[in-house]
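Structural overview
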Amino acid sequence: LNLRESKEAGPKVKELGEQGALVACTAINLEYGYHVVDETLLIIGSKAVALVDLNLNACQECTDVGLQDLAKGCSTLKSLSLYWNVKYTDAGISAIV
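Just so we're clear, the structure is a prediction, and the values are computed from it rather than from any experiment.

This brings us to the nonpolar core. A general trend in soluble globular proteins is that nonpolar side chains are found buried together. Formed by 24 residues in total, the largest nonpolar core has its most connected members in I28, L30, I44, L51, L54, L56 and L70. Of all elements in the fold, only α1 (9-19), α2 (38-47) and α3 (64-73) reach the threshold of two or more residues within this core. When near neighbours in sequence (up to four residues on either side) are disregarded, L56 contacts L30, V36, L41, L80, S81, L82, Y83, N85 and Y88.

What follows is the structure, encoded as structure tokens:
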């Protein structure tokens, strides 16, 4: 699922999650996507159960809370890109690794 630079990346993830379309998704690219927030990561963590690769580069609105929610559900995640994210701390990173 490529939502790179999408003006509605966060709402689109929410919509796809409600439709059940994230279940088989193995890769999601939200790089520079707009409206990607902690709720977006919660949805991904609870709905994208087959996720292997996630790109959150420059998703500036996400925090440790979102990473912690993501970690609870994405046990198959192998690659996570967090470049240009300034709100994450050791607590969020520790939850995901």
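Having seen it, we continue.
What follows concerns α3. Taken together, the buried positions of α3 are D64, G66, L67, D69 and L70. Next to the buried residues of α3 lie α2, β2 (53-55), β3 (79-81) and α4 (90-96).

Rules of the game
Residues numbered from 1 in each chain as written. Predicted model: local features only at pLDDT ≥ 70, side-chain atom pairs only at ≥ 80, totals over all residues. Heavy atoms only, no water. Core = buried A, V, L, I, M, F, W, Y, C linked by side-chain atoms within 4.5 Å. Buried < 20%, exposed > 50% of the residue type's maximum accessible area, 1.4 Å probe, protein only. Helix = DSSP H or I, 4+ residues; strand = E, 2+ residues; numbered from the N terminus. Contact = heavy atoms within 4.5 Å.

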